[in-house]
Each structure stands twice: as structure tokens, then as C-alpha cells.
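# Geometric and topological summary
Spelled out, the chains give:
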Amino acid sequence: MTTGKFIRTIFFVEILKGLTLTFKSMLTPAVTRRYPKVKRPAKPGFRGLHALAKNEEGKMKCVGCGLCGAYCPSQCIHIYTTEGEDHNKVVDRYEIEVLRCVYCGFCVEACPFGAISLSEHYEYSDYSRDAFYMTKEKLLSNWDKYFAGKKGEAYYRKFWRPQSEDFTGHEGQAKFEKVKKLKVKS
Amino acid sequence: MNEILQSFIGQVSNPWLKLGIDIVIILIKIAIVIAIALLHVAYATYWERKVIGHMQVRLGPIEVGPHGLLQPIADGVKLFFKEDIIPADADKPLFYIAPVIFFISTLTSLSVIPFFNHFVIADINIGLLFLFAMSSLGAYGIVISGWSSNSKYAFLGGLRSASQVISYEIAMGLSLVGVMIMSGSLNLVDIVKAQQQYPTGMYFIPQILGFFVFVVAAFAETNRLPFDLPEAESELVAGYFTEYSGFRFALFFLGEYTGMLIMSSICAVCFLGGWTVPQFIMNALPFLSKLPNIVWVLVFLVKVYAFMFFYYWVRATLPRYRYDQLMAIGWKLLIPLALLNIVITGLAKILIKG
Amino acid sequence: MEHIEKTFETRELTISMGPQHPATHGVLRLVLNLDGETVVRCTPYVGYLHRGVEKLGENRTYFAALPLSDRLDYISSMNNNVGYVNAVEKLFGIEAPERAKFIRTMVAEMGRISSHIIWLGTHVLDIGATTPFLYAFREREVIMDLFEMLCGARLTVSYPRVGGVRNDISQEFLDELYDFVLDFPSKMDDYETLVTENRVWKNRTVGIGVISAEEAINWGLTGGTLRGSGVNYDVRKHAPYDVYDRVEFDVPLGKNGDCYDRYLVRIGEMRQANRIIKQCIEKLPAGPVMADAPKFTLPPKDMVLKDMEHLIHQFILITKGPTVPEGEVYMGTEVPKGELGFYFVSDGTGKPYRMRVRAPSFVHASVLPRLCEGGLIADVIANIGTIDIVLGECDR
Amino acid sequence: MEPVEIANKIKEKFPDEVLDVKEFRGQVSVTLKKSRILEICRYLHDDPELYFDYLIDVCGVDYLGRKDKRFEVVYHLYSVKHRHAIRLKAEVSENEPRIDSVMPVWVGANWHERECFDMYGIMFKGHPDPRRILMPEDWEGYPLRKDYPVKGPAKEWPGFLDVLDRAKRFKDFEWHE
């Protein structure tokens with residue numbers, strides 16, 4: 001054992017350093033987020049509760065092709081269709097078992113019509129399981145609730161991947177040259 | 001105040017009445033001390049959570065009351081109304097009595113702690129010995145609780161605690177022998193007064209070795225990090241009180257924090273000068289001697305709190321020792337150091353006297 | 001000792017540690033036979049979290065099985081995703097474009113940091129220091145927020161796609177990530193101040209759970225657990241995937257193969273991961289993020305409704321999956337826990353005929369008896385922490 | 001060493017054992033008879049030029065109705081020193097699902113082989129601890145076999161029935177408002 005090491009040992013140098021650090025941290029502001037009181041806004045593109053999209057006329061976009069149900073990894077989407085007038089497909093029931101959903105967003109990717117989306121809403125606890133069995137009506141009202149106005153289209157584009165630009169590259173891609181330092185470093 | 005009381009008692013001639021008044025006074029003292037202690041213990045938990053919370057860059061309790069000030073009360077109420085679960089195979093009488101032993105023994109220790117000159121429930125001349133005796137008794141509570149729970153984790157926790165408390169009892173006793181030699185007394189009030197006469201005003205400077213041994217042993221005696229092996233939550237779930245819930249758990253909890261209070265008080269009394277400040281400060285600032293008594297009680301409390309803060313601070317910083325390492329430190333490091341301290345102190349005393 | 005043993009009849013104490021225990025990191029169950037506090041025999045039981053991922057994978061298309069990999073090692077789902085898509089791409093014989101590879105490397109290293117941070121926090125917490133745990137979560141939160149910004153999910157990201165990544169990164173994301181990268185080394189210093197040199201920590205970890213290099217390889221250990229013994233085996237160096245052959249990084253190695261060395265190796269890996277992220281940000285090229293391989297990637301959505309061909313393509317790929325050449329492929333990737341391998345047997349249809357997950361935690365859990373027997377209970381805790389297992393991955 | 005060379009080397013050394021050598025995406029798999037698998041593995045491990053010191057993985061594959069011998073046990077080997085890999089596949093028939101354990105060569109095969117037994121019912125001779133690992137010990141059937149239904153067997157696992165039974169008994173203790 002060298003002298004320096006000996007001195008460090010008997011004077012508890014490393015422990016004193018640790019104590020200094022904890023004491024300093026005591027004086028720095030806490031990083032706690034006081035959720036439910038202070039809510040953190042979900043980042044744009046958050047994958048939350050589902051919604052069925054409506055078109056401009058307020059009608060359901062879904063045509064009942066069943067791709068989302070086929071693609072869904074947790075197989076939680078159930079679609080029941082019948083043949084209506086003019087031999088059109090009519091979506092009778094469109095149901096999502098939310099408790100089985102894994103929020104991968106694959107249903108959005110699968111949908112060729114842009115009829116389903118995930119909203120930023122993530123607080124939906126309840127006392128019974130029935131509340132999580134989303135029927136067509138509930139899903140459509142979700143759209144009104146969370147995607148009012150133009151928000152729906154813009155938000156929805158985020159999920160509807162891949163787009164053509166992903167295959168070709170596009171203008172204004174994120175680059176290092178544009179990186180600006182946000183915080184001042186000590 | 002004490003003088004007035006004494007003179008009042010002196011006027012009473014009937015011996016029975018005198019005895020009665022004495023008892024009433026002691027009861028009042030006990031009531032005050034217990035009330036202060038329990039309130040203190042309740043808020044010590046709050047304070048600990050706050051301090052450690054901020055050290056860990058979080059907030060600690062904050063929702064109940066302003067800044068979470070009512071949190072300890074809420075916790076207490078919750079623990080009182082919680083279902084009292086007793087394991088089916090537990091040794092019931094022992095299971096009932098273990099937390100009581102633990103709590104009572106720590107609470108009894110309070111009786112000899114001098115908060116101020118003669119404000120002490122029992123001003124006995126073997127105060128320090130009494131403290132050791134009581135803190136050893138507390139170990140029974142832990143061992144019995146570990147045994148009676150009939151749970152393997154609790155059992156291991158109880159065993160660990162037994163050996164830990166017994167080993168560190170020796171180191172702690174020896175560490176205070178230096179103080180006894182210097183002050184020439186076992187009475188805590190006398191120890192404080194002797195310190196006041198001493199040039200540095202506090203014994204922790206000449207007794208630095210003893211102080212170090214005492215601090216480490218105090219941590220181990222109260223089962224606090226880095227020596228909280230009896231209740232090491234990552235190894236033994238919750239150690240000896242794994243099976244306890246509700247009010248019985250609360251008794252253990254209160255007992256632990258009262259134990260911390262006792263240890264901090266011993267430290268303040270024996271090493272930090274109790275309610276006094278060093279003589280040279282008194283000389284430099286003469287107005288200090290005119291201050292009312294209550295200020296000196298606060299001085300004592302500040303010293304106690306400072307030591308409690310150190311408890312929390314260390315808890316927020318250090319990992320936990322292993323069981324065999326704890327024993328090694330106790331027997332191979334602390335006891336020799338304490339013995340060395342005694343030898344040095346004794347020699348110094350003889351040399352200075354001679 | 002012998003005469004004592006003759007006079008006293010002693011029995012072993014059997015303790016069932018777990019599946020619900022504060023230090024077993026999930027649902028690992030260890031049955032410990034104790035002689036006093038010394039562990040005589042240690043028997044791990046796993047399988048409490050068995051969800052049949054391999055069977056599930058056989059019933060989903062190659063695309064739709066991706067979220068299953070999220071749920072293997074749920075702490076570093078990004079790395080699992082990257083491993084999965086790399087294996088599938090190898091089977092398909094396609095390659096992701098340059099930019100996608102850089103992004104993948106970047107996010108995978110973020111996942112590595114976030115996983116190692118959790119490992120550090122919980123390991124240190126097991127040993128009794130509470131503070132680094134919360135410091136660690138402070139930084140992990142930043143990474144989680146970045147993941148949320150990237151793809152809308154914090155834990156189970158499902159971000160990479162076969163043939164690229166789900167979406168391009170935004171400038172905002174890059175800014176904040178660069179900020180984090182510059183800031184992170186000082187945060188690492190904080191953890192190290194509290195832990196590395198601390199005598200209590202050293203007492204608890206140095207010389208505990210020693211395993212020699214040869215033995216470690218023979219047990220099939222990988223990742224930090226193996227490198228702690230001084231074996232220079234890192235899939236990122238041995239069989240580079242993505243852009244690991246184009247970024248500079250060192251592989252930290254231990255010497256003694258004890259808990260302390262494994263700790264140092266992982267601490268070093270975090271610093272190296274930070275370095276890799278920094279290089280990835282700086283070198284990030286412009287260009288596409290999805291491979292031009294129409295047979296194996298979903299068609300662009302803006303074309304789907306315009307173009308019949310794309311629409312049909314979409315339908316076929318989603319319902320039946322891509323048409324894959326027959327064959328079998330094993331691909332290992334370096335996830336924070338070790339080498340995560342995917343072994344696919346393809347029979348030419350869109351679903352894997354056999355999907356085997358070679359989970360590092362599974363192997364690492366099997367070495368526990370070797371490490372723990374002969375030590376104390378407290379060492380068992382240190383060993384569980386240091387081999388860094390996640391039971392979701394172990395049980396699959 | 002190139003994987004094909006390794007395969008050839010195995011073929012030279014054990015000409016009767018090698019049934020087939022296949023290459024796909026740069027990875028070579030050698031199909032073997034199961035009888036001398038332990039010997040081959042020991043050779044691969046000990047030969048200084050090959051030195052496969054690291055057993056990546058052991059797993060089973062069920063080729064129900066596709067091959068004569070229903071099962072294959074697949075070994076992925078890697079040499080940390082020489083940085084080369086090879087895949088061995090040993091054919092195991094349904095009638096006699098037994099194969100030698102490679103644990104004497106690589107201890108790490110322990111849990112992989114247990115899992116293989118658990119999932120496919122392939123016995124490993126010489127394994128010191130041949131129990132189920134992921135499934136409960138009283139589980140019937142081998143879940144990863146292709147003829148095992150995805151949603152589980154029609155018969156409930158006794159352990160689950162046990163839990164249901166207990167839940168029914170505890171119903172009385174439930175707290176109601």
C-alpha cells in the first residue's frame with residue numbers, strides 16, 4: 001500500500017467525495033414530475049388510445065377490408081361485415097380489445113385508407129373491463145374527441161408509414177450541421 | 001424553575017405528600033419527554049424522507065398538507081387502522097410482545113438523557129451503563145420477533161441482529177470509556193459539565209478515535225445503513241419484521257427512530273458538549289450567558305439533529321456491508337481502536353495529572 | 001470442527017428466494033440451501049414469464065412478429081428490434097439504406113445506455129446504495145423521452161422495420177440527443193463518484209462470483225458478463241452489423257472476472273455507447289430510410305390508394321407475408337445483456353417455420369449456481385445483479 | 001477458416017456421419033447422424049485449428065411430415081479465437097427421440113438442452129438434470145411441436161385448475177361494500 005493510498009484510506013477520501021456529491025444534489029432542484037397534478041404533454045406521435053377516422057362528411061373511413069385485423073400482432077381487432085345495398089361492404093361491428101393491444105401501431109400501417117389511428121390520449125383507467133372493449137361507436141367518438149379539426153390528418157400521417165419520401169430521401173432531413181446546443185454547458 | 005420546585009418541595013413537611021409531589025413531577029417530566037420524543041420521531045421520518053429525497057434529486061413527501069408536513073400523521077393513522085396480520089404458525093405470545101420489548105427498551109433509555117441541566121427524568125450516576133443495558137435489551141425484541149415470526153427471512157434477520165448488536169455493544173462501550181476517563185463520571189450531566197471545563201469545550205477533539213468508533217458503532221447499533229443487515233431489504237425482504245404489519249410494525253418503526261434519537265443524544269452529550277457551547281465562545285460573546293434556558297435546550301437539539309442528519313446523509317451515500325465484513329470491522333478494527341484509545345487516554349491523563 | 005459437527009445435529013436451511021423478492025429482478029426463483037449464511041446449493045427456477053414467443057412467432061408473418069421481440073428484454077426493446085430486423089434482413093437477403101443503418105446504430109446504443117443505466121441502478125440498489133438508482137433514472141428518463149419523440153412509445157418501441165426504420169428522425173430529436181450526449185459523461189462521473197472507488201462497494205464486489213475466461217466461454221456467457229472475465233468477444237466487433245464497422249469504439253475488458261470487473265466493463269460500455277452515438281450523429285448521411293426492395297417492404301402509403309399494384313401488394317404482404325427463400329439463418333446481435341440471436345428456418349412462406357430466440361439472460365441465469373455456491377446470501381444478490389438478467393428474455 | 005472448409009474437414013474426419021452440407025447466406029449447416037454427435041463435438045472443440053470453444057445455442061426443430069426423421073437438434077458453434085462459425089444439425093427420429101448430451105464438452109448446453117426437452121420432448125442422454133425448465137413440471141405435451149395446438153391443449157393444466165379451485169374457496173373472504 002502506498003502512502004497516498006494509505007492516507008486516502010484512513011481519511012475516507014472517496015466516501016467524503018460521495019458525501020459532498022449527495023450534499024450538492026440536495027441543493028439542486030428536484031427533477032420530479034408531479035403527475036396527476038402537473039401533466040406532461042405527450043410528445044406528438046404518441047401511441048395511445050385508438051380512434052376510427054372520419055372523412056370530411058363525417059362518415060367512417062373504414063371499409064372493412066380487415067387488413068388491420070390480419071396484421072395485428074396481438075390479434076385484438078375484430079371486424080364483422082355484411083353485404084349491404086349495391087353489394088357494398090357494410091361494417092357492422094368494428095371492435096378493439098384495448099387490454100390486449102400492444103400499441104405497436106401496425107394497424108395504422110396496414111390500413112390502406114387511413115381509417116384508424118392512435119391518439120395522444122393515455123389516461124383511461126376504469127373499474128371494469130367492459131370499458132376497454134371498444135366498439136365502433138366509441139372509436140368514432142374518440143376521433144371527435146382527440147382529433148378535432150385538422151389535427152387528425154396531420155397526426156395520422158406520422159403513423160402512416162412508410163411514405164414515398166422514406167424510400168427516396170427528402171429535403172430538410174435532420175443533419176448534424178443543423179444541430180444547435182439547447183442548454184448551456186458548464 | 002428547578003430551584004423553585006425544590007424550594008416548594010422543601011416547604012412540604014408530610015413525607016407522603018412529598019412523595020406524591022415527586023411522583024407527579026416525574027410523571028410530568030415523563031409525559032413531556034415522551035411527547036417530545038414521539039413527535040420528534042414522527043417528524044424525524046418526515047425529515048429523513050425529505051432529506052434523502054432531495055439528495056436523490058426528488059421531492060420526498062409533498063402531497064399531504066403543505067410540503068407534505070402532515071405525511072407522518074397520515075402514515076401513523078394508516079398504520080393504526082391497518083389490518084393486523086399474524087402468521088398462522090407464529091409463536092403468538094412472543095410475536096405480540098417482541099415489538100413492545102423493542103419499543104419500551106428504547107423509550108426507557110430516554111429517561112437518562114439530559115436535555116438541559118437537571119432536566120432529566122432520572123439523574124442517576126450510572127447513566128451511561130443504563131443506556132448500554134437498555135440498548136442491549138432492545139436486541140431481545142429483534143431476536144424474539146425474528147424467532148417468533150416462524151419465517152426464514154425473519155429468522156435470519158433476527159440472528160444477524162443478535163450477533164451484530166452484541167459485537168458492536170462492546171465497541172461502543174469501549175469507545176465511551178475514554179470519555180469516562182476524561183470526565184471521571186458515568187453521570188451524563190456530569191460528563192457535560194466536565195466538557196464545559198475542558199479547553200476545547202467538546203470531547204470529540206481529544207477523543208477523535210473514540211468518536212470515530214462510537215459513530216460507526218452507533219450506526220450498527222441502530223441498524224442503519226451501511227450496517228442495516230438485519231433488515232437488508234434486498235437480501236432478507238425486510239429482515240426481522242417481515243411478518244409484521246399495522247401497529248406492531250409501527251412500534252418497530254418508532255423504536256428504530258427513537259433508537260437513533262438516543263444514539264444522537266449520547267453523541268451530543270458525550271462528545272459534542274450537550275447543551276453547552278465551548279467556554280472560549282462564551283468568553284468571546286458574553287451576552288450568551290444571559291440567554292434564557294430554552295435556548296440551551298435548542299442548542300442540544302441542534303446537535304442531536306446534526307447527528308441525525310449525518311445518519312440520513314450516510315444512508316443516501318453508502319452501499320451496505322456484507323454480514324461477515326460487518327463482523328470483521330467490529331472485532332478486528334473497532335475494538336482494537338477503542339482499546340488503543342483507552343490506553344492513550346489513560347496515559348495522557350496520568351501524564352497530565354503527574 | 002469435526003467434533004462439533006458430531007455433537008450438534010445441524011440441518012440445511014432451505015430458502016425460496018423469489019419469484020417475489022426485492023432482489024431477483026422479476027420472477028426468478030432461487031432455491032437456496034444454506035448452511036448458516038453460506039449457500040451450499042443454489043437451484044434456479046425460471047419460466048414464470050413464459051409466453052411462448054417462439055410458438056407465437058411461428059404463427060405470425062415476419063413483419064408482424066416484430067413486437068414480440070420488444071417483449072423479450074423489455075428494458076432494451078430497441079436493441080431487440082434491431083437484432084430482429086437484422087436477422088430477418090439477412091434471411092431476406094436485403095440491406096437497409098445507409099441512413100437507416102446509422103439511425104439504427106444510434107438508437108440501439110441509446111437502448112444500451114438505458115438498459116445499462118437500469119442495471120447500474122438496480123444492482124447498486126441491491127447492494128444497498130439507493131441514490132445512484134435515482135440518479136440513473138433521471139438520465140433514463142431523458143432517453144425514454146427521446147424514444148417517445150422518435151416513435152411515440154417509451155418502452156416497447158417497435159421502431160426499426162424490416163428494410164429500414166419506421167420513420168425518419170426529426171431535427172428536434174437530433175438536437176436533444178446531441179445535448180444528452182454532451183451531458184452524459186458528467187452524469188457518469190456522478191455515478192462513479194458514489195460507487196466505483198467506494199470501499200464498501202469494493203468490499204462487496206471484488207473477488208465475488210469469480211469465473212475464469214475459459215470457463216465463462218464454456219458456459220456460453222456473452223456480453224459484459226463474459227468481457228468481465230477478459231474475453232474479447234463482442235458481436236459488434238466480430239461480426240459487425242449496421243455501421244459498427246464504421247464507428248470507432250473500444251471494447252472494455254475486465255481481468256479477474258469478478259463482480260467488480262463486470263461492473264467496470266458495463267460502466268465502460270456506457271461511455272463507449274455515448275461515443276458511438278456522438279459519431280453516428282456527426283456522420284449521419286442524408287438519404288432514404290427504407291430499402292428499395294418492394295418484395296420485402298410495405299409499399300409507400302401515399303401510393304397505395306393511387307396505384308392498384310401497390311394496393312394489391314399491400315394486401316398480399318400484410319395477409320400472407322413476403323415470399324422468402326427457403327433456408328435457415330442465424331444472426332446474433334450485441335444487445336446490452338449479451339448476444340441475442342435469432343435463428344430462422346424458412347419454408348418459403350411468409351411466416352417463419354421456426355423462430356428460435358437465443359436469449360443471453362437464459363444462459364446467464366444458468367450460470368448462477370456456479371457463481372453463488374460457496375458464497376454468502378449477500379453474494380447471491382451481488383451475483384444476480386451483476387450478470388444482468390431480465391426474466392422476460394430468459395423465459396421468452 | 002471458411003465455413004465450407006470446416007464442413008469439409010468434418011466430412012473428412014467423419015465420412016459416415018455427415019449426411020448433407022448446405023450453404024445459405026454465407027452460413028453452412030452440416031446435417032449429421034445423431035449417433036456420434038458427442039464425439040464430433042469434442043473433436044470440434046479440441047482440434048486446435050477449429051477450436052469451437054463457444055456453443056452459441058442448442059435448439060430443436062420439428063419437421064412434422066416434411067422429413068423422415070421428424071426432429072432436428074441444431075447446434076450453433078463459434079470459435080472466439082478463430083472467429084468462425086458452423087451450424088450442426090443432428091437428425092432425431094420421433095420413435096426414438098434420444099441424443100447424447102453435449103454437456104461434457106460445453107457446460108453451457110445445460111439449459112438449452114433442458115429447454116429442448118421441454119419444448120420437443122427430445123431426451124438428452126447423460127444430462128445431469130433432465131427436468132422441464134420453462135413449462136410447469138407437471139405439464140403434459142411438448143408445446144413447440146408442430147402438432148401441438150396454438151391455443152393450448154383442450155385439457156386444462158392441473159396447476160391452473162388448482163388455482164381456479166382456490167380462487168373459488170377464497171371468494172367468501174372477498175371484501176364487499
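Report follows, based on the coordinates. Owing to the predicted nature of the structure, the values given are computational and were not obtained by experimental measurement. (Residues numbered from 1 in each chain as written. Chains lettered and ligands numbered in written order. Predicted model: local features only at pLDDT ≥ 70, side-chain atom pairs only at ≥ 80, totals over all residues. Heavy atoms only, no water.)

### Considerations on the overall build of chain D
Helix and strand counts for chain D stand at four helices and seven strands. In chain D, the succession of helices and strands from N to C terminus is α-β-β-α-β-β-β-β-α-β-α. Relative to its length of 177 residues, chain D is extended, with a C-alpha radius of gyration of 21 Å against a globular reference of 16 Å. In terms of principal-axis extent, the alpha carbons of chain D reach across some 75 × 35 × 30 Å. At a minimum sequence separation of 6, the contacts of chain D that also span at least 24 residues come to 49%. Across chain D, the 30 positively charged side chains and the 34 negatively charged ones have centroids separated by 2 Å. (Helix = DSSP H or I, 4+ residues; strand = E, 2+ residues; numbered from the N terminus. Rg over C-alpha atoms; globule rule 2.2 N^0.38 Å. Contact = heavy atoms within 4.5 Å. Lys, Arg positive; Asp, Glu negative; His and termini not counted. Charge placed at Lys NZ, Arg CZ, Asp CG, Glu CD.)

### So, the overall build of chain B
A count of helical and extended segments in chain B gives 13 helices and zero strands. Helices and strands in chain B line up, N terminus first, as α-α-α-α-α-α-α-α-α-α-α-α-α. Its C-alpha radius of gyration of 21 Å places chain B within 12% of the 20 Å reference for a compact globule of 354 residues. Accessible surface, chain B: about 15300 Å² in total, of which carbon and sulfur atoms supply 75%. The averaged location of the 20 negative side-chain charges in chain B is 6 Å from the averaged location of its 21 positive side-chain charges. (Areas by Shrake-Rupley, 256 points an atom, 1.4 Å probe, with all protein chains shown as cover.)

### Side note on the interface of chain C and chain A
Taken together, the contact pairs 65 residues of chain C with 57 residues of chain A. Together, the buried faces of chain C and chain A total about 5300 Å²; carbon and sulfur atoms form 58% of this surface. It is C:Arg166, C:Arg199 and C:Lys301 in chain C that bury the most area against chain A; as a group they hold 13% of the surface buried on that side. Counting across the interface, chain C meets chain A through seven salt bridges. (Buried area = accessible area lost by both parts, 1.4 Å probe. Salt bridge = Lys/Arg side-chain N within 4 Å of Asp/Glu carboxyl O.)

### Topic: the interface of chain B and chain C
If you look at the interface, chain B gives 24 residues, while chain C gives 35 residues. Between chain B and chain C the total buried area reaches about 2600 Å² when both faces are included, carbon and sulfur atoms providing 59% of it. Taken together, the links from chain B to chain C amount to two salt bridges. C:Glu37 is the partner of B:Arg160 in a salt bridge, and the nearest nitrogen-oxygen pair spans 2.5 Å. Taken together, the connections running from chain B to chain C amount to eleven residue pairs in polar contact (both at pLDDT 80 or more). Where the side of chain B that touches chain C is concerned, the elements lending two or more residues are helix 6 (152–183), helix 9 (233–236), helix 12 (293–317) and helix 13 (323–353) of chain B. Per-element tally for the side of chain B that touches chain C: the top contributor is helix 6 of chain B, with four residues. A per-class count over the side of chain B that touches chain C returns eleven nonpolar, four polar and nine charged. (Polar contact = N/O pair within 3.5 Å; in protein donor to acceptor, adjacent residues only side chain to side chain. Nonpolar A, V, L, I, M, F, W, Y, C, P; charged D, E, K, R; others polar.)

### Brief notes about the pattern of salt bridges
Side-chain pairs of opposite charge can arise where the charged atoms are in close proximity. All names here are of chain C. Going through the model one piece at a time under the given rule, you end up with 73 salt bridges over all chains. Across the pair Arg-354 and Glu-54 runs a salt bridge whose closest N-O atoms are separated by 3.1 Å. Placement of Arg-354 in strand 8 (residues 354–358) and of Glu-54 in helix 2 (residues 53–58) is noted, with a sequence separation of 300 residues between them. Residue classification places Arg-354 among the buried residues on the basis of a relative accessible area of 2%. For Glu-54, a relative accessible area of 4% gives the class buried. Among the ionic pairs, Arg-246 bridges to Asp-245, the shortest N-O distance being 4.0 Å. (Buried < 20%, exposed > 50% of the residue type's maximum accessible area, 1.4 Å probe, protein only.)

### Here's the deal with the sheet that holds strand 7 (residues 338–346) of chain C
Residues and elements named next belong to chain C. Read from one edge to the other, the open sheet built from three strands follows the order 6-7-8, with strand pairing classed as antiparallel. Each having just a single partner strand, strand 6 (327–335) and strand 8 make up the two edges of the open sheet. Along the sheet, successive strands turn relative to each other by an average axial angle of 15 degrees, direction set aside. Relative to strand 7, strand 6 is paired through nine bridges, and the arrangement is antiparallel. Looking at the pairing, Val-329 lines up with Phe-344 of strand 7. (Pairing = 2+ DSSP bridges. Axes fitted to C-alpha atoms, helices over the stretch in contact; angles between N-to-C directions.)

### Remarks on the arrangement of the chains
For the four pairs of chains in contact, the largest share of contacts goes to chains A and C. When C-alpha atoms are compared, chain A and chain D, though not in contact, are closest at a spacing of 13 Å.

### Notes on the sheet that holds strand 2 (residues 27–32) of chain D
Residue and element names in this part refer to chain D. Ordered in space as 1-2-5-4-3, the five strands form an open sheet in which the pairing is mixed. The sheet terminates laterally at strand 1 (18–24) and strand 3 (54–62), the two strands that pair on one side only. Going from strand to strand, the sheet's axes swing by 20 degrees on average, the running direction of each strand aside. Of the strands in this sheet, strand 3 and strand 4 (71–79) are in contact with helix 3 (residues 109–120), which crosses strand 3 at around 5 degrees.

### Examining the side chain of B:Arg224
Residue and element names in this part refer to chain B. Structurally, Arg-224 is set in the loop between helix 8 (208–221) and helix 9. Reaching out from Arg-224, the side chain makes a polar contact with the side chain of Glu-48 at a distance of 2.6 Å. Dropping the residues within four chain positions of it, Arg-224 is found in contact with Glu-48, Phe-219, Glu-256, Tyr-257, Met-260, Tyr-311, Tyr-312 and Arg-315.

### Describing the packing of aromatic side chains
Throughout the structure, instances matching the rule amount to 52 aromatic pairs over all chains. Centroid distance B:Phe253 to B:Tyr257: 5.1 Å. Interplanar angle 50 degrees. Geometry classified as tilted. With a gap of four residues between them, B:Phe253 and B:Tyr257 both fall in helix 10 (residues 246–270), about one helical turn apart. Since its relative accessible area comes to 31%, B:Phe253 is described here as partly exposed. We classify B:Tyr257 as buried; its relative accessible area is 5%. Among the aromatic residues, those joined into a ring-pair cluster are A:Phe23, B:Trp47, B:Phe219, B:Tyr305, B:Phe307, B:Phe309, B:Phe310, B:Tyr311, B:Tyr312 and B:Trp313. (Phe/Tyr/Trp six-rings, centres within 6.5 Å; stacked < 30°, edge-to-face > 60°.)

### Section: helix 14 (residues 308–319) of chain C
With twelve residues, helix 14 of chain C extends 17 Å from end C-alpha to end C-alpha; this agrees with the ideal 16 Å at 1.5 Å per step. Within helix 14 of chain C the residues assigned to the buried category are C:Leu311, C:Gln314, C:Leu317 and C:Ile318. All buried residues of helix 14 of chain C project into a common sector of 135 degrees when viewed along the axis, lining one side. Of the exposed residues in helix 14 of chain C, the ones pointing more than 90 degrees away from its buried face are C:Met308 and C:Glu309. Buried positions along helix 14 of chain C lie against helix 3 (67–71) and helix 4 (106–110) of chain A together with helix 13 (301–304) of chain C. Just beyond helix 14 of chain C, the residue with positive phi is C:Gly321, at close to 85 degrees. (Expected span 1.5 Å × (residues − 1). Arc of directions from axis to C-beta.)

### Re the packing of helix 5 (residues 98–127) of chain C against helix 17 (residues 377–387) of chain C
All names here are of chain C. Contact geometry of helix 5 with helix 17 gives a least axis separation of 9 Å together with a crossing angle of 180 degrees. Between helix 5 and helix 17, the angle is such that the two are roughly antiparallel. Contact with helix 5, carried on its side by Trp-119, His-123, Asp-126 and Ile-127, involves Ile-381, Ala-382, Gly-385 and Thr-386 of helix 17 and no other residues of that element. (Parallel < 35°, antiparallel > 145°, perpendicular 65-115°, else oblique.)

Any functional reading would require information beyond the geometric quantities listed.
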